[in-house]
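A look at the structure
Take a look at the letters that make up each chain.
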Amino acid sequence: MAPQRRAVYALAALSAATFCYVTTEVLPIGLLTLIAPDLGRSRSEAGLLVTGYAVVVMIVALPLTRVTRRVPRRPLLAGALGVFAAATTVSAFATSYEVLLAARLVSATTNGVFWAVVFPVAISMFPANIRGRIVARLSIGNALGPVLGVPLSTWLGGQAGWRAAFVAMAVFGFVTCVAVALLLPSVAPQQGAGDIGPMPDRARFGVLLSATVLAVTGAMGAFTYMTVFLLDVSGFAAASLGLLLFVQGSFGVAGTWAVGRVLDRFPLGVVLVLLGLLTAAMLGLYGAGASKVVTIPLLAVAGMSFSSLIAGIQHRVMQVAPSTTDMASASLSVAFNFGLAAGSLIGAGLLATAGVRVIPLFGGLLTAVAIALLAGQEMSRRRGRNHSSWSVRPTRVRDAEKPPATSVRT
């Protein structure tokens with residue numbers, strides 16, 4: 001098989017793997033009403049299957065990424081997928097809540113390592129001038145998780161029981177594991193082109209992570225309770241929720257694909273524009289969410305901008321990574337999961353105290369702060385460069401006006 005064709009197939013396998021991880025992480029959300037009574041637990045306890053997963057990712061992502069830095073990437077990714085598939089199989093046949101929770105937490109331990117490594121490995125297989133496009137193509141698997149994986153798994157759970165949904169994801173995980181093991185080229189750590197960022201900058205990296213936490217917290221706070229918003233504020237019928245969420249997710253997939261065409265030329269600009277669109281959509285839902293006609297396009301813009309934003313931030317993180325890109329990606333995974341958990345928690349508090357209508361306002365304000373952080377830092381850097389250049393020029397003129405040192409008598 002030609003190397004270029006093999007790289008394309010390997011990228012498809014890695015994108016399928018991202019689909020597996022994203023779908024399985026949030027799989028219990030659509031199956032709560034089935035899992036809870038079957039295992040004799042409350043719905044809130046069943047919800048911990050998602051919360052606990054995110055917490056474990058936050059705790060172990062950086063340490064495990066550091067421990068496995070010397071492991072060749074193909075066996076590391078294939079091994080992570082193998083453990084993931086095995087843990088998902090155990091989840092499917094769990095006889096108690098404790099076993100199901102333990103299996104989920106084992107799967108979560110592989111999550112952080114997988115996300116730390118998968119993007120650097122993917123871009124290492126292609127030329128440096130199309131890294132943004134490759135990140136966007138790989139991110140399509142992420143975007144398909146909510147729009148395709150979760151609804152199909154929820155439907156399958158309703159038809160054949162919640163265990164069938166876990167079995168399906170376990171089988172898909174095993175198939176993806178084999179594909180990655182067969183197709184991924186052998187790349188040792190620190191040998192791939194994607195292991196080192198082209199423009200390392202610790203300050204930019206820190207601000208980008210902070211902006212990510214703010215943006216994800218705001219967006220996930222709103223998205224977690226979007227169905228409640230659509231019912232109570234917009235007045236949609238319950239039967240239309242599936243179609244509305246499909247619109248949101250499908251625009252996310254389309255946006256992720258489109259962003260790949262411009263991400264290499266405007267890496268920071270893309271992130272800022274998408275944050276701006278997300279902010280506008282959130283504030284628009286707060287201001288005009290009572291109108292069905294206005295809500296539908298705003299929902300589409302929100303889905304498109306957030307899914308695309310994940311790809312844009314991932315690409316930017318690997319550009320400015322102050323050390324290796326795998327550690328930078330692990331840090332991004334921690335920031336994302338922190339924002340996910342914080343957004344859901346704060347959204348629940350707002351729902352109970354202020355009502356669902358203010359949740360998009362909360363999200364829009366946080367994403368606006370994220371824009372201010374990123375844009376403010378960039379403007380500050382440009383002012384600093386301009387000031388430095390103007391302060392150097394007069395010195396050079398004065399030096400040029402002096403006689404050469406060799407002509408000055410001492």
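Residues numbered from 1 in each chain as written. Predicted model: local features only at pLDDT ≥ 70, side-chain atom pairs only at ≥ 80, totals over all residues. Heavy atoms only, no water.

On to the overall build of the chain, then. The number of helices and strands found in the chain is 14 helices and 0 strands. A buried classification covers 50% of the 410 residues belonging to the chain. Within the chain, residue pairs in contact and separated by at least 24 positions form 85% of the contacts whose partners lie at least 6 positions apart. Carbon together with sulfur atoms contributes 69% to the accessible area of the chain, which is approximately 17,900 Å² in total. (Helix = DSSP H or I, 4+ residues; strand = E, 2+ residues; numbered from the N terminus. Buried < 20%, exposed > 50% of the residue type's maximum accessible area, 1.4 Å probe, protein only. Contact = heavy atoms within 4.5 Å. Areas by Shrake-Rupley, 256 points an atom, 1.4 Å probe, with all protein chains shown as cover.)

Before going further, it helps to examine the pattern of salt bridges. Should their charged atoms come close, side chains of opposite charge can pair. Inspection of every chain in the model, using the stated rule, returns 5 salt bridges. Among the salt bridges present, the one from D326 reaches R73, with a minimum N-O distance of 2.8 Å. Of this pair, D326 sits in helix α13 (residues 325-353) while R73 is found in helix α4 (residues 73-92), placing the two residues 253 residues apart along the sequence. In this pair, the class of D326 matches that of R73, namely buried. For E378, the salt bridge goes to R204, with nearest N and O atoms at 2.7 Å. Of this pair, E378 sits in helix α14 (residues 359-401) while R204 is found in helix α8 (residues 202-224), placing the two residues 174 residues apart along the sequence. Taken individually, E378 and R204 each receive the classification buried, so the pair is uniform in this respect. (Salt bridge = Lys/Arg side-chain N within 4 Å of Asp/Glu carboxyl O.)

The next point concerns the packing of aromatic side chains. Enumeration over the complete set of coordinates arrives at 7 aromatic pairs. Relative to W115, the ring of F114 lies with its centre 5.2 Å away and its plane at 80°, an arrangement referred to as edge-to-face. Each member of the pair, F114 as well as W115, carries the same accessibility label: buried. Through a chain of ring-to-ring contacts, the aromatic side chains of Y21, F84, F114, W115 and F119 assemble into a single cluster. In this structure, R137 packs its charged tip against the face of W257, placed 3.7 Å from the ring centre. Over the aromatic face of F236 sits the side chain of K292, whose NZ or CZ is 5.8 Å from the ring centroid. (Phe/Tyr/Trp six-rings, centres within 6.5 Å; stacked < 30°, edge-to-face > 60°. Lys NZ or Arg CZ within 6 Å of the ring centre and 35° of its normal.)

Attention now goes to the environment of R131. With respect to the helices and strands, the residue R131 is situated in helix α6 (residues 131-160). Separated by 184 residues in sequence, R131 and H315 have C-alpha atoms that sit 7.6 Å apart.

Viewed as axis vectors pointing N to C, α6 and helix α10 (residues 241-259) meet at an angle of 175°, and their least axial separation amounts to 8 Å. Looking at the two axes, α6 sits roughly antiparallel to α10. Each of A136, R137, S139, I140, A143, L144 and V147 in α6 lies in contact with α10, whose residues at this interface are F246, G249, S250, G252, V253, T256 and W257. (Axes fitted to C-alpha atoms, helices over the stretch in contact; angles between N-to-C directions. Parallel < 35°, antiparallel > 145°, perpendicular 65-115°, else oblique.)

This brings us to the environment of L183. Relative to the helices and strands, L183 resides in helix α7 (residues 162-183). A relative accessible area of 18% places L183 in the buried class. When the C-alpha positions of L183 and L11 are compared, they lie 8.9 Å apart, and in sequence the two are 172 residues distant.

A few words on the side chain of R316. Within the secondary structure layout, R316 lies in helix α12 (residues 292-320). For the buried R316, no salt bridge is present, and the opposite-charge side chain at shortest range is E378, 4.4 Å distant. Reaching out from R316, the side chain makes a polar contact with the side chain of Q319 at a distance of 3.0 Å. (Lys, Arg positive; Asp, Glu negative; His and termini not counted. Polar contact = N/O pair within 3.5 Å; in protein donor to acceptor, adjacent residues only side chain to side chain.)

The description of two packed helices rests on the angle between their axes and on the distance between the axes. Across the interface, α8 lies against α12 with an axial gap of 11 Å and an inter-helix angle of 160°. Considering the angle they form, α8 stands roughly antiparallel to α12. Note that α8 runs across α12; the crossing there is left-handed. Residues R204, F205, L208, T212, A215, V216, A219, M220 and F223 of α8 pack against A302, F306, L309, I313, R316, V317 and V320 of α12. Grouping the constituent residues of the contact of α8 with α12 by class yields 13 nonpolar, 1 polar and 2 charged. (Left-handed = near helix turned anticlockwise from the far one by under 90°. Nonpolar A, V, L, I, M, F, W, Y, C, P; charged D, E, K, R; others polar.)

This part covers the nonpolar core. Counting 58 residues, the largest nonpolar core has L14, Y21, I35, L77, V118 and L184 as the members making the most contacts within it. Put simply, the parts of the chain that give this core at least two residues each are α1 (3-25), α2 (27-38), α3 (43-67), α4, α5 (97-124), α6, α7 and α12. Not counting residues up to four positions away in its chain, the partners in contact with I35 are P28, L49, L100, W162 and F166. Core analysis: the second largest hydrophobic core is formed by 45 residues, A211, A215, L244 and F306 among them. (Core = buried A, V, L, I, M, F, W, Y, C linked by side-chain atoms within 4.5 Å.)

With that settled, consider the side chain of T24. The residue T24 is located in helix α1 in this model. In this structure T24 comes out as buried when scored by relative accessible area, which is 2%. Once residues within four sequence positions are removed from consideration, T24 is found in contact with F84, T88, R104 and M169.

What follows deals with a nonpolar patch on the surface. Among the surface-exposed residues, F93, V167, V171 and V175 lie close enough to one another that they form a single nonpolar patch of about 370 Å² accessible area. By the element assignment, F93 lies in the loop between α4 and α5. (Patch = residues over 30% accessible without salt bridge, like charges linked within 9 Å, V, L, I, M, F, W, Y side chains within 5 Å.)

To continue, consider the confidence of the model for the chain. For the chain, the average pLDDT comes to 85, and 90% of its residues sit at 70 or higher. The least confident element of the chain is α14, whose mean pLDDT is 74; the most confident is helix α11 (residues 267-288), at 95. Per-residue pLDDT stays below 50 along residues 394-410; that stretch engages in 1 contact with residues further than four places along the chain or on separate chains. (pLDDT = per-residue confidence, 0-100.)

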